[in-house]
Amino acid sequence: MMNVTQPQKDRGYIPLADHGLIGNLRTAALISTDGSVESYCVPNFDSPSVFARILDKDKGGHFSITPTVPFTTKQSYLPNSNILQTKYLNEQGVATVTDFLPRQPKSATARPLLAWLIRRVEVIRGSMPLRVECAPAFNYARSPHTTDIILDTSVALSFSSVPRGSHDKALFSSPDAGLDLDLRFIAESGLENVQEPHVQLNLLDLRAQGHKGPGVWTELELREGQAVTFVLRTPPDVKLPPQAHPTRETAEEMGVPYEKLVAGASTLRPPDDPILTRSLLRELLEQTNSYWNAWIGRSTYTGSWKEAVNRSALALKLLIYEPTGAVVASPTFSLPEYIGGTRNWDYRASWIRDSSFTLYALIRLGFTHEANAYMEFIFERVRGRDADGSLKIMYTIHGEFDSAYAIWRDDLTRDLPKGEKEFPEEELLHLDGHKGSKPVRIGNGAIDHVQLDIYGELMDCIYLSQKYGRPLGYDTWVAVRDIVEYVIAHVHDPDFSQPGFIRIVCSLYRVAIDRGIRLAEKRSLPCPRRNEWYAARDALYEEIMQKGWNADKRFFAQSYEDLEILDSALLIMPLVFFCTPADPRFLSTLRNILQSPERGGLTSNGLVYRYDVSKTDDGVGGEEGTFCLCTLWCIEALARAGEYDKVMLNKAVAMFEDFLQYTNHLGLCTEEISDAGEALGNAVQGFTHVTLISAAYNLSRMRAKVTGVIL
């Protein structure tokens, strides 16, 4: 039975799972199932938000297109696309809202990327009354702005036999945030006997809700065949000649067709500020859809669960920052890992931790262009590592030390001092947080933490790139070689993620050394300390086996110091070839993890916790849900073990298909899932989608290998 949504003046929070994601490889927007833009940062992923209703329902900022009468809703992507459609239905009519950020195929004419948020609402049956509100809240709802409703000279108007008033637009200006936005629209009718809808923009006073400037609103009574397309953008700051503003009156005076005058006027405007026409909007929609169709069409994946894999691939593509090739961990920030809790982090950066799994997913799907661009981003970080030879656990998507992000602090005019953190963490105490989950954080203070396990993931990433991608040059090899030496010199240093502990995840340190050895051998690269590398790798392996093994309970422990703590991060051991999936010690660890928390394990209802937060102090505090990432690692570990034990393979298949039920209505994944099945953490989470692709690939491969049937 479908739930009927009752329009309310004071709308609450929408569950995290009830959102879709659109993007243009620069930034992304979350759209709720009731047609509200809930999260949107301009112009880049890590820029300040202009809409953040998902973090403060009153003053976070929103752009909503919602019926004013009771309705049910359906939301879906166009097939093989990242164009989102939200459909409203009731007895009187059906309306759709189509949302996208434009992209264009490489074969398209050379038009620059238009950083426009386009929202087209149309009625396809009967009639539907709708209310549109656009209420930006600049700089995380910290900066004031002005709003003016002014004549729009950038729109080509269709002929109308009915007199109509001026065609206006809304201009939002925030000098404090250094950003302007304008909201334009085109109304149209697709039926001969139906007039274009009338659109009248009005100022919206939201000071009582805490807004620092007016929004705009309009109410539409749309009938079948009528449509209105809204375009939100940053208007170009250029002065145009009068000839660049065509009107029908001018066309009549000159005795030329209006369409010809519009075409001529467009040549006088900057390429990123064309005259807004119906044909342009249709072209942008068609080209954007063609772009996504063509991109996913390049996938070489032929295994099972192809629909889920393709959606994960399309989601992963949305997280790529095209100018540098970086992959953002998530386009959202400060969404809670536990409702009402404090684990609310900003993941709008690129994590070294994610590197090998991200590259593996891109390679396995055949997306070599994205894989090579990402590797170049990684290699730039390797070549520009810190003076002591270390790397940071994360980098901004720009890859710069003086991040553009940092200038958006309270003093917007100051210069960034030398040594300033790239991704400074701040708490935004004026925001409520999702469902009251405080504090809201931007930036991430962990950027200067020491987490030595990243070197294993980094070296595994580099090794994968050499197996399937562009060969390594000598200068880069020297930098890579220095990283291995750094790992050997610091392998027993304390890890910030467990102060005073030496984590068993130092299996990844061993991976770092092992991949360095493999690179040297397979590429015949010079390695003056080859014997020392072998000795360090083997000594570390023996050490882990002796000091990290709980002989009584028969599992690998989280740390040498406390052998009672089980950690599902250990599930990556066979995935990174630290040990075989049939190793008795690993299998015993896997079986322990698969036990319920009440029995000392970490698995609840087929979902896996990272560790028991009540038994270990990770320096953060608070509760958290089950980790999608760890669940998928568990599935892949079972699949690999299934080569030798068909029961485990069947368990992996059942667990994977059960996990897919926890993706949302669009097939998108968050970071965590609560005991009650509620999506938690930042959405959309790239690492989860990457690991889903890896699990599906290896589960399909192993099932075909064991059964002899190619699926």
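This text follows the structure it describes.
Everything in this summary refers to the structure shown in the same document. (Residues numbered from 1 in each chain as written. Predicted model: local features only at pLDDT ≥ 70, side-chain atom pairs only at ≥ 80, totals over all residues. Heavy atoms only, no water.)

### Regarding the overall build of the protein
For clarity, the cut-off: The numbering of helices and of strands both runs from the N terminus, where a helix is a DSSP run of H or I of at least 4 residues and a strand a run of E of at least 2. With C-alpha atoms as the basis for the radius of gyration, the globule rule is written as 2.2 Å multiplied by the number of residues raised to the power 0.38.
If you tally the helices and strands in the protein, you get 15 helices and 30 strands. Relative to the 2.2 N^0.38 estimate, which gives 27 Å for 711 residues, the radius of gyration of the protein is 27 Å and therefore close to what a compact globule would have. Considered along the principal axes of its C-alpha atoms, the protein spans approximately 90 × 55 × 50 Å.

### Observations concerning the environment of D645
Tracing the backbone through its elements, the reader meets D645 in the loop between α13 (628-641) and α14 (646-660). Each C-alpha atom of the pair D645 and A582 lies 8.8 Å from the other, and the pair is 63 residues apart in sequence.

### Digging into the state of the cysteines
Filter applied, for reference: Two cysteine sulfur atoms make up a disulfide if the distance between them is within 2.5 Å. Buried means the residue's accessible area, taken with a 1.4 Å probe over protein chains only, is under 20% of the maximum for its type, while exposed means over 50%, and partly exposed covers the values in between.
In total, this model carries 0 disulfides according to the counting rule given. C134 supplies the cysteine sulfur nearest to C41, a cysteine that is in no disulfide, at a spacing of 15 Å. Note on C41: relative accessible area 3%, which makes it buried. On the basis of relative accessible area, C134 is assigned to the buried category, the value being 1%.

### Brief notes about unusual backbone geometry
A cis amide bond, omega 0°, links K438 with the succeeding residue P439. Along the chain, A683 connects to V684 via a cis peptide bond; the corresponding omega equals 0°. Mapped onto the fold, V684 is located in the loop between β30 (679-683) and α15 (686-707). The backbone phi angle of R554 is positive, close to 60°, even though this residue is not glycine. Looking at where R554 falls in the secondary structure, it is placed in the loop between β24 (549-550) and β25 (555-556). The class of R554 is partly exposed, set by a relative accessible area of 39%.

### Here we look at the packing of α14 against α15
Where we set the bar: The axes are straight lines fitted to the C-alpha atoms, using for helices just the contacting stretch, and the angles between their N-to-C directions are given from 0 to 180°. Here a crossing is called left-handed whenever its near helix is offset anticlockwise from the far helix by less than a right angle, and right-handed whenever the offset is clockwise. By definition in these notes, contact holds between two residues if any of their heavy atoms fall within 4.5 Å. Polar here means any residue outside two lists: the nonpolar Ala, Val, Leu, Ile, Met, Phe, Trp, Tyr, Cys and Pro, and the charged Asp, Glu, Lys and Arg; Gly therefore counts as polar.
Packing of α14 against α15 leaves a shortest axis separation of 11 Å and a crossing angle of 145°. α15 is crossed by α14, and the crossing has left-handed handedness. Contacts between α14 and α15 involve K646, L649, A652, V653, F656, F659 and L660 from the former and T688, L692, A695, A696, L699, M702, R703 and V706 from the latter. The residue inventory of the contact of α14 with α15, partitioned by class, reads 12 nonpolar, 1 polar and 2 charged.

### Observations regarding helix α9 (residues 474-490)
To keep things clear, this is the line we draw: By this rule the span expected of a helix is its residue count minus one, scaled by 1.5 Å.
Look at α9: 24 Å from first C-alpha to last across 17 residues, which is about the 24 Å you get at 1.5 Å a residue. Taken together, the buried positions of α9 are occupied by T476, W477, A479, V480, R481, I483, V484, Y486 and V487. The elements touched by buried residues of α9 are α7 (368-383), α8 (454-468), α10 (507-522) and α11 (530-547).

### Points about the sheet that holds strand β28 (residues 626-627)
Sheet strands associate in pairs through backbone hydrogen bonding, adopting either a parallel or an antiparallel arrangement. Where we set the bar: In this scheme, strands are said to pair when DSSP sees at least two bridges between them.
With antiparallel pairing, the 3 strands of this open sheet are ordered in space as β28-β29-β30. The sheet is open, and its two borders are formed by β28 and β30, each paired with just one other strand.

### Details of the environment of T68
Along the chain, T68 turns up in the loop between β5 (62-67) and β6 (72-77). Considering only alpha carbons, one finds T68 and D176, 108 residues apart in sequence, at a separation of 35 Å. Beyond its immediate chain neighbours, meaning those up to four positions away, T68 contacts P7, P129, L130 and R131.

### A word on the packing of aromatic side chains
Applied cut-off: Whether two aromatic rings pair depends on their centres lying within 6.5 Å, for rings of Phe, Tyr and Trp, where Trp uses its six-membered ring; planes under 30 degrees apart make the pair stacked, over 60 edge-to-face, and the rest tilted.
Considering all chains together, one arrives at 18 aromatic pairs under this definition. Ring geometry for F45 versus Y321: centroids 6.4 Å apart, planes at 65°, classification edge-to-face. Remark: Y321 occurs in strand β16 (residues 320-321) and F45 occurs in the loop between β3 (36-41) and β4 (49-51); sequence separation between them is 276 residues. Per residue, the accessibility class of F45 equals that of Y321, and both read buried. Judged by centre distance (6.3 Å) and plane angle (50°), the ring pair of F185 and F230 falls under tilted. Taken together, the residues span a long stretch of sequence, with F185 in strand β12 (residues 179-189) and F230 in strand β15 (residues 226-233) at a distance of 45 residues. Summarising the burial analysis for this pair, F185 and F230 share the class buried. Taken together, the aromatic side chains of Y40, F51 and F63 make up a single cluster linked through ring pairs.

### Some remarks on α8
Across its 15 residues, α8 extends 21 Å between first and last C-alpha, which sits within 8% of the 21 Å expected from 1.5 Å per residue. Along α8, 13 of the 15 residues are buried, which leaves the element largely enclosed by surrounding structure.

### Observations concerning empty space enclosed by the protein
Put simply, the test is: Using only the protein atoms, space was sampled on a 1 Å grid; points where a 1.4 Å probe fits but cannot get out form cavities, open sets with protein on both sides within 12 Å along at least five of seven lines form pockets, and lining residues are those with an atom within 4 Å of a point. Grid points are joined across faces, edges and corners, and a volume is the space filled by probe spheres set on the points.
Per the stated rule, a full pass over the model turns up 6 cavities of 30 Å³ or more. Estimated volume of the largest cavity: approximately 110 Å³. Along the walls of the largest cavity sit 16 residues, with A17, N664, L668, C669 and T670 positioned nearest its centre. Among the residues forming the lining of the largest cavity, the class breakdown is 12 nonpolar, 4 polar and no charged.

### Focus on the pattern of salt bridges
Side chains that differ in charge, positive against negative, can pair when their charged atoms come close. Put simply, the rule reads: By convention in these notes, a salt bridge is any Lys or Arg side-chain nitrogen within 4 Å of a carboxyl oxygen on Asp or Glu.
Overall, the coordinates contain 40 salt bridges when judged by the stated rule. E122 serves as the salt-bridge partner of R120, at 3.4 Å between the closest nitrogen and oxygen. Here D273 ties to R233 by a salt bridge, and the two come within 2.7 Å at their closest N and O atoms. Here the residue D273 occupies a position in the loop between α3 (258-266) and α4 (278-296), and R233 occupies one in strand β15, the gap between them amounting to 40 residues. A cluster of three or more residues bridged by salt bridges with shared partners is formed by D460, D514, R515, R518, R537 and D538.

### Digging into the nonpolar core
Here is the rule we go by: To qualify as a nonpolar core, a set must consist of buried Ala, Val, Leu, Ile, Met, Phe, Trp, Tyr and Cys residues joined through side-chain atoms within 4.5 Å.
Among the nonpolar cores identified, the biggest contains 195 residues, and Y40, F63, F230 and F656 are the most heavily contacted of them. The element best represented in this core is α13, accounting for 11 residues. Those residues in contact with F63, other than ones at most four positions away along the chain, are G35, S36, V37, F51, L117, R119, V132, E133, C134, L183, F230 and L232. Counting residues in hydrophobic clusters, the runner-up holds 12 residues, among them I118, V155, L281 and L284.

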